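Structural overview for review
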Amino acid sequence: MRSEHNTASKQSYGNRAALPMRPASQVMQLDRLGSFHQSRLSFMRTLVRRMVQENWQIKSTIFDLDTEGYGTAVYEVQAKYGTYSYVLFSHYLDPENRNDRVIANQWDLTMALCEGTVGAEQLEFLRTNVPKQEAGRVDSRVLVLSRGNRSGRTFEYVVDELAHGRQPDIDVIAEVGYLYRTTAAYGSGKLGMADWEKVRTKHRDFNRPFAAEMFTCFMLRHFSLQHTDYVAAQRKPETAVSLHNDIKRYFGIGNSTGLGMAPFLINHPLLINQWIEQRETALARAVDAGTDGVTSAMLEQFRVGTARVIQHLGEIVTGDSQQNISNGLVRGELQELGQWLVNEGPNIIANHYSWAELVLYAETNWRVETQEVMNTMLIELYPELVDELEEQMSVDEDQHLVPQMSLADLKLLIEDKYDWALAIDFAEPAAQGSFWYRSEEKMEPRLGQTHIDMGMEKQMPLAIGRMVRECFDEICVYMTEFPQQDVAHFILQQPNFSGAISRIQTMAQSHYGDIRENLVHADVLPIHLLRCKLSFFGVSKFDPRSRLWVRNTMFQGAPLVSDFDKPFLDDWQFPIKPVLGATPDSSTA
Amino acid sequence: MKVSRNELTATLKKAFEGLGFSVGDYQDAAAMIIWSQMHGFDGLQQLQDALPFLNDCLCLHAKLIHNDDHQALLDGQGSSVLLSGSQTVRLACALARQYGSSRVRLDNCHNRRLIIQRLASAAASHSALVAYWVEGTTAIKVSIGPGAKRPDYGRYVVQDAVADQSLLIFAGADLASIDQQFNDEIALGIQTEAYSWDAMVDRYDIMLDEGIEIDESLWYELDTLVARVLVESTDSSRAGAGD
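For clarity, every value in this text was computed on a predicted model and none was experimentally measured.

1. Points about the overall build of chain B
- Along its length, chain B carries 9 helices and 11 strands.
- A globule of 243 residues ought to have a C-alpha radius of gyration of about 18 Å, and chain B, at 19 Å, matches this closely.
- On the principal axes, the C-alpha backbone points of chain B span a range of 65 × 40 × 35 Å.
- For chain B, the proportion of its 243 residues judged to be buried stands at 57%.
- By sequence separation, contacts in chain B at least 24 residues apart represent 70% of the contacts at least 6 residues apart.
- Looking at chain B as shown, the accessible area adds up to about 9700 Å², and 48% of this sits on carbon and sulfur atoms.
- Here chain B carries 19 positive and 33 negative side-chain charges, and the mean point of each set is 3 Å from the other.

Listed below in structure tokens is the structure:
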């Protein structure tokens, strides 16, 4: 299997000329992308590193809530390069109206991240518009708009326990992992907000992809912890206690992600390629660093990490039987790994065993998800080789058509780079059994069944494989008459293929290219697309609710704002239940 | 009202899709409008003027009438540069790569000012381009060198006004040689207006920072076009979102 790896890659670092990058044919399979887990390069991880390293100062300037916890909160954020305001409105919401779908129009909390400080006039403007979310309008001073709903399972329980002077049961918290969950975080210029280019160039604190959106979710977590303490204290001031800091760290923010995220991966192929290329570079650097053998300290770190992931997976509660089975199988294979590390540790060191051999073993013997968990753990071992890649996650997304390219060359290019698309038999009914469309309800992307659901004539152009096939076939027909012709002349005759050719020529220059899947197959699993993007966000505890949407947890295990000025290990991945009092700073707040 | 660039881009793409544009066309068309607006060339006004015609245009593209080595003649079929502009510039660039330089004329086309974004895009791929057209009594010349981001734009007096809906594109590897080619063919009158690169950058920065002003009636008109690509929501369709 190693012989397939692309050792001709131009990736380089330090004095290493070439790295063993995995080939696109392996990495860009949808089931593998859907098995990715968060890594050191995930956006939550990099944001937390930045906040802690730069010791961002976050203080509430307005905390105007009534005894039930409804009202307004404003936090001022002093980051390295600028000042920002996080403005939050807490509303009463009838539980009957609590809905995580994008089509909802009421929420428990609505919030906005703004540039600079917010004055009284702007606050009133935000109070009018932010609670409306998509039905409102904001302006370019706003970077992110978001909302959240409280957890029906934990919020009241935790408040009640604290009000009575008790800490909540960790096992109850472990089943959910959060007090509030966010259902959307809009940025990049939506609803009148600041463009991504403005954020990237004028607000350097958030110049990495989705950094402002992730920060908004982090602040929701911060508020949710303060809010819970506050409501408990209001309810029974004579007995109430604050949440234990270790429990606070174990609370994340819930997230529900549906199909809306899926088209993003198809419509931003260069960006996705960039993210994957950086992650693969990180893995290649880790594997390469182990070429000459691994040390006992590193082996011990790897063993501890393995045990942690086993515990983490064992603590996930999901009603999805497939996910449960998968978690169990991955745990079993990781236990095999852990046992091998214990039993063979001395031999591994003495025989100069390399990570490459372990990766090869995993690829041959273990499930794809186990392989990707292990890859994440390998990346974790080498922060000094990996972390600098966090600055490489952005890319110019322009696609350029090369009009002078001969059709003969373009045909060869498609045969080489899109062989996976040409291998799909679109004459098979199941191969076109689905279609993607936008609903009139908030333009929500939906997946329809061909010849059953309405709207096929308005389908979104997400079937890249089919588009390539159609383009290829037309080129072949055209070339029978004009074999020497170029792309410019072909497009004069077939103008509707200019988009396809732009994409093909552009992505052919990239390292990993397009996702290799027929996304209109009857059995397509969009949840893999969601999981791929969510892994780059840095979420954990995937809880699929169907093949179309997934619940997960953000920032669970991350440092608290009050931890920013303390020593930081950056090891909050794969969160596990805390043992109260196990850390030096585990006192109650 | 003000909208962001990303928001306007997304709306324009869907609106053009609603008009029947294909993927490549609606991406290029949205880019042309946005670029023109943000650099001071009234892209939104041109769009507003063009929409009644785009509704009836059947998405006609340019048709190749004649191609003799480095020269070509295209018929825009009365359509907008939003549909024929990309084809024209790409043909000019392809011929220039093959023959060293090229001259392509697109007849019978509209909204020619929108071509400037396509020139800037082609320049990013190391082509030099000059575009020329006549609007009543003034002629417009736009030139851009390989790798440059923003073009030189000038308006000139035309002595003999002609009712001409053509657009002339010269392309080559360097700006000096195709400028010479242009000057050999066309004698410009007195320059009446020049628009500097700095002025374009200033406008762009302001709109990026504060948003793009758009007439509400145009915004709602675009919304109605966007609605054409949306599908009615039913209980069954909600199942396709995970319900």
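There is more to say after this.
2. Observations concerning the overall build of chain A
- In terms of regular secondary structure, chain A is built from 22 helices and 11 strands.
- Relative to the 2.2 N^0.38 estimate, which gives 25 Å for 589 residues, the radius of gyration of chain A is 25 Å and therefore close to what a compact globule would have.
- Taken along its principal axes, the extent of the C-alpha atoms in chain A is 90 × 65 × 45 Å.
- Burial statistics for chain A: of 589 residues in total, 60% are counted as buried.
- Partitioning the intrachain contacts of chain A with sequence separation of at least 6 by distance along the chain shows that 75% fall at a separation of at least 24.
- Split by element, the accessible area of chain A, about 22200 Å² in all, is 49% carbon and sulfur.
- The averaged location of the 77 negative side-chain charges in chain A is 3 Å from the averaged location of its 57 positive side-chain charges.

3. A look at the sheet that holds strand S5 (residues 142–150) of chain A
All names here are of chain A.
- One open sheet accounts for 9 strands, arranged S1-S2-S3-S4-S5-S6-S7-S11-S10; its pairing is mixed. For this open sheet the edge positions go to strand S1 (57–65) and strand S10 (540–544), each flanked by a neighbour on one side alone. Between one strand axis and the next, the sheet turns by 25° as a mean value, whatever way the strands run.
- Relative to strand S6 (residues 178–186), S5 runs antiparallel, the two being bridged by 6 bridges. Bridge assignment links Asn 149 to a residue of S6, and that residue is Arg 181.
- In the packing of helix H22 (residues 526–537) onto the sheet, the strands contacted are strand S7 (252–257), S10 and strand S11 (550–554), and the crossing angle to S11 comes to about 10°.

4. Observations regarding the sheet that holds strand S4 (residues 101–110) of chain B
Residue and element names in this part refer to chain B.
- Within the open sheet, the 8 strands sit side by side as S2-S3-S4-S8-S5-S6-S7-S9. Their pairing is mixed. Only two strands of the sheet have a single neighbouring strand rather than two, namely strand S2 (63–68) and strand S9 (191–195). Across the sheet, the mean angle separating the axes of adjacent strands is 15° when strand polarity is ignored.
- With 7 bridges joining them, strand S3 (residues 71–80) and S4 adopt parallel strand pairing. Its bridge partner being in S4, Leu 73 is matched across the sheet by Arg 105.

5. Some details on the interface of chain A and chain B
- Between chain A and chain B, the residue contacts involve 49 residues of the former and 54 residues of the latter.
- When chain A packs against chain B, the two sides together hide about 4000 Å² of surface, and 51% of this comes from carbon and sulfur.
- On the chain A side of the contact with chain B, Asp195(A), Arg438(A) and Leu492(A) bury the most area, a combined 16% of that side's loss.
- Here chain A and chain B share 5 salt bridges between them.
- Of all the secondary structure elements, the ones that give two or more residues to the side of chain A that touches chain B are helix H7 (196–202), strand S8 (434–439), strand S9 (445–449), helix H20 (487–493) and helix H21 (498–508) of chain A.
- Along the lines of polarity and charge, the residues of the side of chain A that touches chain B split into 19 nonpolar, 15 polar and 15 charged.
- Pairing analysis gives 2 bridges linking S8(A) to strand S11 (residues 230–231) of chain B, with the strands arranged parallel. Each residue of the ladder has a partner; that of Arg438(A), found in S11(B), is Leu230(B).

6. Focus: the side chain of Glu197(A)
- Note that Glu197(A) resides in helix H7.
- Setting aside residues up to four positions removed in sequence, Glu197(A) forms contacts with Arg5(B), Tyr204(B) and Leu208(B).

7. Focus on the environment of Ala282(A)
Residue and element names in this part refer to chain A.
- Its place among the elements puts Ala 282 in helix H11 (residues 269–289).
- Expressed as a C-alpha distance, the spacing of Ala 282 and Ala 174, which sit 108 residues apart in the sequence, is 31 Å.
- Contact partners of Ala 282, with chain neighbours within four places excluded, come to Leu 41, Ile 379, Val 386 and Leu 389.

8. Examining the packing of helix H1 (residues 5–18) of chain B against helix H2 (residues 23–38) of chain B
Residue and element names in this part refer to chain B.
- The geometry of H1 relative to H2 is characterised by a closest axis approach of 8 Å and an angle of 140° between their N-to-C directions. As judged from the angle between their axes, H1 and H2 are oblique. Seen from above, H1 lies across H2 with right-handed handedness. Here H1 contributes Arg 5, Leu 8, Thr 9, Leu 12, Lys 13, Phe 16 and Glu 17 to the contact with H2, which in turn contributes Tyr 26, Gln 27, Ala 29, Ala 30, Ile 33, Ile 34 and Met 38.
- Looking at the contact of H1 with H2, its residues break down into 9 nonpolar, 2 polar and 3 charged.

9. Let's talk about the confidence of the model for chain A
- Confidence along chain A averages 92 in pLDDT terms, with 95% of residues attaining 70 or more.
- Confidence drops under a pLDDT of 50 for residues 1–17 of chain A, and excluding neighbours within four residues, the segment shows 40 contacts in the predicted structure.

10. Concerning the environment of Glu363(A)
- Here Glu363(A) is to be found in helix H14 (residues 355–365).
- There is a polar contact of 2.9 Å between the side chain of Glu363(A) and the side chain of Gln26(A).

11. Considering the confidence of the model for chain B
Residues and elements named next belong to chain B.
- Per-residue pLDDT for chain B has a mean of 93; in total, 98% of the residues score no lower than 70.
- Here helix H9 (residues 235–239) is the element of chain B with the lowest mean pLDDT, 77, and strand S8 (residues 167–172) is the one with the highest, 98.
- Interface predicted TM-score (ipTM) for the complex: 0.96; the corresponding pTM is 0.94.

12. Considerations on the domain arrangement of chain A
All names here are of chain A.
- Parsing chain A into structural domains produces domain 1 (2–7 + 19–41 + 269–392) and domain 2 (43–257 + 559–563).
- The centre of domain 1, based on its C-alpha atoms, is set 33 Å off from the matching centre of domain 2.
- Of the residues lining the interface, 11 residues belong to domain 1; the matching set on domain 2 comes to 11 residues.
- With both sides pooled, the region where domain 1 packs onto domain 2 buries about 990 Å², and carbon together with sulfur makes up 43% of that total.
- Remark: the boundary between domain 1 and domain 2 carries 6 salt bridges.
- Run the count over domain 1 and domain 2 and you get 6 residue pairs in polar contact (both at pLDDT 80 or more).
- For the side of domain 1 that touches domain 2, the class distribution of residues is 3 nonpolar, 2 polar and 6 charged.

13. Things to note about the domain arrangement of chain B
Residues and elements named next belong to chain B.
- Each assigned domain of chain B is listed with its residue range as follows: domain 1 (1–59 + 213–229) and domain 2 (60–195).
- Of note, the centres of domain 1 and domain 2, computed from C-alpha atoms alone, are 23 Å apart.
- Tallying the contact residues gives 21 residues for domain 1 and 20 residues for domain 2.
- For the domain 1 and domain 2 pair, buried surface summed over both sides reaches about 1800 Å², with 64% attributable to carbon and sulfur atoms.
- Looking only at domain 1, the three residues that lose the most surface to domain 2 are Met 32, Trp 35 and Phe 41, adding up to 35% of its buried area.
- The tally of links between domain 1 and domain 2 comes to 2 salt bridges.
- Across the pair Asp 28 and Arg 118 runs a salt bridge whose closest N-O atoms are separated by 3.6 Å.
- Of all the elements in the fold, those that place two or more residues in the side of domain 1 that touches domain 2 are H2 and helix H3 (43–54).
- Across the side of domain 1 that touches domain 2, the residue classes break down as 13 nonpolar, 5 polar and 3 charged.

Basis of the calculations
- Residues numbered from 1 in each chain as written.
- Chains lettered and ligands numbered in written order.
- Predicted model: local features only at pLDDT ≥ 70, side-chain atom pairs only at ≥ 80, totals over all residues.
- Heavy atoms only, no water.
- Helix = DSSP H or I, 4+ residues; strand = E, 2+ residues; numbered from the N terminus.
- Rg over C-alpha atoms; globule rule 2.2 N^0.38 Å.
- Buried < 20%, exposed > 50% of the residue type's maximum accessible area, 1.4 Å probe, protein only.
- Contact = heavy atoms within 4.5 Å.
- Areas by Shrake-Rupley, 256 points an atom, 1.4 Å probe, with all protein chains shown as cover.
- Lys, Arg positive; Asp, Glu negative; His and termini not counted.
- Charge placed at Lys NZ, Arg CZ, Asp CG, Glu CD.
- Pairing = 2+ DSSP bridges.
- Axes fitted to C-alpha atoms, helices over the stretch in contact; angles between N-to-C directions.
- Buried area = accessible area lost by both parts, 1.4 Å probe.
- Salt bridge = Lys/Arg side-chain N within 4 Å of Asp/Glu carboxyl O.
- Nonpolar A, V, L, I, M, F, W, Y, C, P; charged D, E, K, R; others polar.
- Parallel < 35°, antiparallel > 145°, perpendicular 65-115°, else oblique.
- Left-handed = near helix turned anticlockwise from the far one by under 90°.
- pLDDT = per-residue confidence, 0-100.
- Polar contact = N/O pair within 3.5 Å; in protein donor to acceptor, adjacent residues only side chain to side chain.
- Domains from an automatic or database assignment.

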